[in-house]
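# Coordinate analysis (summary)
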2 protein chains.
Amino acid sequence: MNGPTQRRITIKEVAEAAGVGVATVSRVLSGGSASAETREKVLAAAARLDYRPSALGRNLRRQRTGGIGLLVPDITDSFYARLTDGVLSCARSYGEPVTVGVTGDDPEREAELIGTLIEQSMDRLIAVPSGDGEMWAPALRAGLNVVFADRRVRADVPSVVPDDRAGVLTAVEYLAGLGHRKIAYLGRHGQSQRVAAFTAAIASLGLPDDGDLVVHARASRDSAYAAAAGLLQHRPDVTAVIAGGNVLGEAAVLAARELDVRIPRDVSLIMFDDVPWAELCSPPLTVIAQPAQDIGYRAAELVLRHGRRPPAVTLPTQLVVRASCGPIVKTSRR
Amino acid sequence: MNGPTQRRITIKEVAEAAGVGVATVSRVLSGGSASAETREKVLAAAARLDYRPSALGRNLRRQRTGGIGLLVPDITDSFYARLTDGVLSCARSYGEPVTVGVTGDDPEREAELIGTLIEQSMDRLIAVPSGDGEMWAPALRAGLNVVFADRRVRADVPSVVPDDRAGVLTAVEYLAGLGHRKIAYLGRHGQSQRVAAFTAAIASLGLPDDGDLVVHARASRDSAYAAAAGLLQHRPDVTAVIAGGNVLGEAAVLAARELDVRIPRDVSLIMFDDVPWAELCSPPLTVIAQPAQDIGYRAAELVLRHGRRPPAVTLPTQLVVRASCGPIVKTSRR
DNA sequence: AATCATGGTGGAATCGTTTCCATGAACGGT
DNA sequence: ACCGTTCATGGAAACGATTCCACCATGATT
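The notes below deal with the structure included here.

Rules behind the numbers
Residues numbered from 1 in each chain as written. Chains lettered and ligands numbered in written order. Predicted model: local features only at pLDDT ≥ 70, side-chain atom pairs only at ≥ 80, totals over all residues. Heavy atoms only, no water. Near = heavy atom within 4 Å. Polar contact = N/O pair within 3.5 Å; in protein donor to acceptor, adjacent residues only side chain to side chain. Helix = DSSP H or I, 4+ residues; strand = E, 2+ residues; numbered from the N terminus. Nonpolar A, V, L, I, M, F, W, Y, C, P; charged D, E, K, R; others polar. Least-squares fit on C-alpha atoms with pLDDT ≥ 70 in both. Contact = heavy atoms within 4.5 Å. Buried area = accessible area lost by both parts, 1.4 Å probe. Salt bridge = Lys/Arg side-chain N within 4 Å of Asp/Glu carboxyl O. Pairing = 2+ DSSP bridges. Axes fitted to C-alpha atoms, helices over the stretch in contact; angles between N-to-C directions. Phe/Tyr/Trp six-rings, centres within 6.5 Å; stacked < 30°, edge-to-face > 60°. Buried < 20%, exposed > 50% of the residue type's maximum accessible area, 1.4 Å probe, protein only. Lys NZ or Arg CZ within 6 Å of the ring centre and 35° of its normal. Right-handed = clockwise from strand over helix to strand, strands pointing away.

### Examining the protein's contact with DNA strand D
Near DNA strand D there are 26 residues, and of these Ile-11, Ser-26 and Arg-61 of chain A together with Thr-24 and Thr-38 of chain B occur at the shortest range. When the atoms of DNA strand D within 4 Å of the protein are sorted by group, sugar and phosphate make up 64%. At 2.8 Å from a phosphate oxygen of DNA strand D is found a main-chain nitrogen or oxygen belonging to Ser-54 of chain A. In this structure, Arg-61 of chain A approaches DNA strand D through a side-chain N or O atom, which is 2.3 Å from a base oxygen. Breaking the surface near DNA strand D down by element, the ones donating at least two residues are helix H2 (22-29) and helix H4 (55-61) of chain A together with helix H2 (22-29) and helix H4 (55-61) of chain B. Looking at the surface near DNA strand D, the element that brings in the most residues is H4 of chain A, giving 4 residues. Across the surface near DNA strand D, the residue classes tally to 9 nonpolar, 11 polar and 6 charged.

### As for the relation of the copies chain A and chain B
The operation relating chain A to chain B is a screw motion whose rotation component is 180°, with 0.0 Å of axial translation and a residual RMSD of 0.1 Å. Read as a symmetry element, the transformation amounts to a two-fold axis. Comparing interface residues between copies, 98% of those in chain A also lie at the interface in chain B; the contact surface is shared.

### Some words on the interface of chain A and chain B
Put simply, an interface is often sized by how much accessible area is lost when its parts join up. Of the residues lining the interface, 47 residues belong to chain A; the matching set on chain B comes to 48 residues. Summing both sides of the interface, chain A and chain B together bury roughly 4500 Å²; the carbon and sulfur share of this comes to 59%. Area buried by chain A at its contact with chain B is led by Leu-56, Arg-92 and Leu-280 of chain A, which between them contribute 17% of it. For the pair chain A and chain B, the number of links is 4 salt bridges. The partner of Arg-92 of chain A in a salt bridge is Glu-112 of chain B, with the nearest N and O atoms 3.6 Å apart. Where chain A touches chain B, the interface holds 13 residue pairs in polar contact (both at pLDDT 80 or more).

### Points about the sheet that holds strand E6 (residues 183-188) of chain B
All names here are of chain B. Taken together, 6 strands build an open sheet; the order of strands is E7-E6-E8-E9-E10-E12 and the sheet is mixed. Because the sheet does not close on itself, it has two edges, and the strands there are strand E7 (214-217) and strand E12 (318-320). Strand-to-strand twist across the sheet, computed as the mean angle between neighbouring axes with direction ignored, equals 20°. Its contacts with the sheet place helix H10 (residues 221-234) against E6, E7 and strand E8 (240-243), and it is angled at close to 155° to E7.

### Quick look at the packing of aromatic side chains
Taken as a whole, this structure holds 6 aromatic pairs over all chains when the rule is applied. On the numbers, 5.6 Å between centres and 35° between planes, the contact of Tyr-185 of chain B with Phe-198 of chain B is tilted. In this pair, Tyr-185 of chain B sits in strand E6 while Phe-198 of chain B sits in helix H9 (residues 192-204), placing the two residues 13 residues apart along the sequence. For the pair formed by Tyr-185 of chain B and Phe-198 of chain B, the shared burial category is buried. Above the face of the Phe-272 of chain A ring, Arg-194 of chain A is positioned so that its terminal group lies 4.1 Å from the ring centre.

### Considerations on the protein's contact with DNA strand C
Taken together, 25 residues form the shell around DNA strand C, and within it Thr-24 of chain A together with Ile-11, Tyr-51, Ser-54 and Arg-61 of chain B come nearest. Atoms of DNA strand C within 4 Å of the protein: sugar and phosphate make up 65%, bases the balance. Residue Gln-63 of chain A places a side-chain N or O atom 3.1 Å away from a sugar or linking oxygen belonging to DNA strand C. Taken together, the elements giving at least two residues each to the surface near DNA strand C come down to H2 and H4 of chain A together with H2 and H4 of chain B.

### Observations concerning unusual backbone geometry
Residue and element names in this part refer to chain B. Cis peptide bonds are those with omega within 30 degrees of zero, and the linkage from Ile-263 to Pro-264 qualifies with 5°. Position of Pro-264 relative to the elements: it lies in the loop between helix H11 (246-258) and strand E9 (268-272). Geometrically, the link from Ser-282 to Pro-283 is a cis peptide bond, its omega value of 0° lying close to zero. In this structure, Asp-50 is a non-glycine residue whose phi angle is positive, near 55°. The residue Asp-50 is located in the loop between helix H3 (36-49) and H4 in this model. Not every positive phi belongs to a glycine, and Ser-121 is a case in point at roughly 65°. Its place among the elements puts Ser-121 in the loop between helix H6 (107-119) and strand E3 (124-127).

### With respect to the pairing of E7 of chain B
Residues and elements named next belong to chain B. Only one face of E7 is covered, namely the one carrying Val-215 and Ala-217; the face carrying Val-214 and His-216 has none of its residues buried. Pairing geometry for E6 and E7, over 4 bridges, is parallel. When the bridges of E7 are listed, Gly-187 appears paired with His-216. As for the winding sense of the linkage, the β-α-β connection from E6 through H9 to E7 is right-handed.

### Looking at the sheet that holds strand E7 (residues 214-217) of chain A
Residues and elements named next belong to chain A. As summarised here, the arrangement of the 6 strands in space is E7-E6-E8-E9-E10-E12, forming an open sheet in which the pairing is mixed. The sheet is open, and its two edges are formed by E7 and strand E12 (318-320), each paired on a single side. Recorded for the sheet is a direction-independent mean angle of 20° between the axes of neighbouring strands. The pairing of strand E9 (residues 268-272) with strand E10 (residues 286-289) spans 3 bridges and is classified as parallel. From the neighbouring strand, Met-271 faces E10, where its bridge partner is Val-287. Each of strand E6 (183-188), strand E8 (240-243), E9, E10 and E12 touches helix H8 (residues 164-177); the most contacted strand, E9, lies at about 165° to it. Against the sheet, helix H9 (residues 192-204) makes contact with E6, E7, E8 and E9, and its axis sits at roughly 170° relative to E6, the strand it touches most.

Okay, structure coming up:
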């Protein structure tokens, strides 16, 4: 009840105002051929009426919808926030709107969100996939133009991922160089790539792999804390932990503090993903930096350009040494 | 070139498969009246064909578009990420897609994004407004259903904001209680509400207000750092700083460290917005916690319900005392 | 001079859905 | 037995854009 909310003006009215047919208006505005005189008239009328073509009408006619969908596990996680920022940044330069959904690493919610996007006739989608590759078969069959980000779960879908193998290897080598032999990986579900890289790295360096050195958490902070605390409590023999993300790193620091495990004296910690607060933390955290924003940007480029899509883009990571890793002191703690 | 990308099935095909007219299909699927028999047939056909109504067609017909737009200054900022999470969480329960845009606190970019949203026929918008209220006149006249979040720049637009006045007052009182008299506010553009509350609080406590105790930064981390460093360098007389957001707080800690200003011995710091790392920081940061997620959720509710919209919702903040504020030692530092 | 190529232009079909309206059947009341 | 009411149903219009196609005028070619 706050105003007469003026009706949207259509191409028909512009045509009338310019004294031409609707086809001509459409042609002029789409850069088609027209005489200089009519072009002038149409442009003037459009400007005068502040005409904005309706994306609805356009998209209905041409079957292809503009806009791109983006599915991330958790927008609250700095890594995915930065990835999102990269996508938005690229999309903005193309003038394409981005619809964002949060999956919480739950395949069911993911499927539901995909359904919503398909209903909107979105045909371009960037996703950090939650489940395994099978789940994506229907979406792909539906003609969805999908690009995976951060994780690669199908070989037939283009993806932009950090160089997990190199990152993990760097981390493990660094820790091994400090004398650590019992190194644990604290990851979240869906990081099969990294876990594989981890066990491979352990094996290649001849370190013992006596079973459950890999612990998984779900997307929430609570779950991350529980996993970290469990690891520190039940495995007093591990002397170094690799956290597979900033939420997990945060949880590890918190849990260590709570359990009176000192970093790096009692256990060394190295965290995937460099975040601003890693430097502010006490102790400042040694991290494997990941180009989160670039990942998003490149994924958006891929999904927008759409032509000649390379199977995979791998972006380098970087070890940033701060103060959360130290040489091993004597034996295992406690 | 990766498949025959099957054509989307339409209501017409469902009608044909069910042996009824399109109108009947539409009616059944929208919950209109129909005989049990036909309802059965239609539902069966729709399920068999995996029919999904096209939002494009629907939205074109009914002039009201589903979906809501969300405009935030910086998705990388934990506060806005959490706010966004709240919006997405609420929107998901309504099955409404959310289109997100990043304004960077730039009114021009904001206007551009609004234009894009209008083109998409979005009629519902949640925004953290960058500019002043005037800028919103065209959007409102266009029939946009707007709700402001975090900042209130117009009285005639519903908004959901934290209780800035109480938050600032609490912070100032707490610092004054510790003996501080020269307190600075480090804010970002668009926080006029808080700055007003700050000067009011200063005045009400009888503290000196000798001019430029308020410093502004833009949305970027660089700008925040510059502002914080400038403040600490040029005003050795201030003994306490209130940072108006987590990015500003982070910048303040960083700048203090760089300039060898110790917290809380040399200056006390209190930060708006509680973030997970505030506890991990050295020293742990005393903060004014803001219900970022709730703000987003409530804003989404407001924009979705749409009826009887209250003029404003104010959500409480909370002082969380940690270790970044201390009593004043002697005189001004240095 | 008659015909053909050219290029600007507008009418009309189309996209997929909702909704108005007319139709026809069934049924109950007088 | 006839008429009026109710109800399910399907045809068709409408939403706003793009695009095919026919049309006409002009200029060039034979």
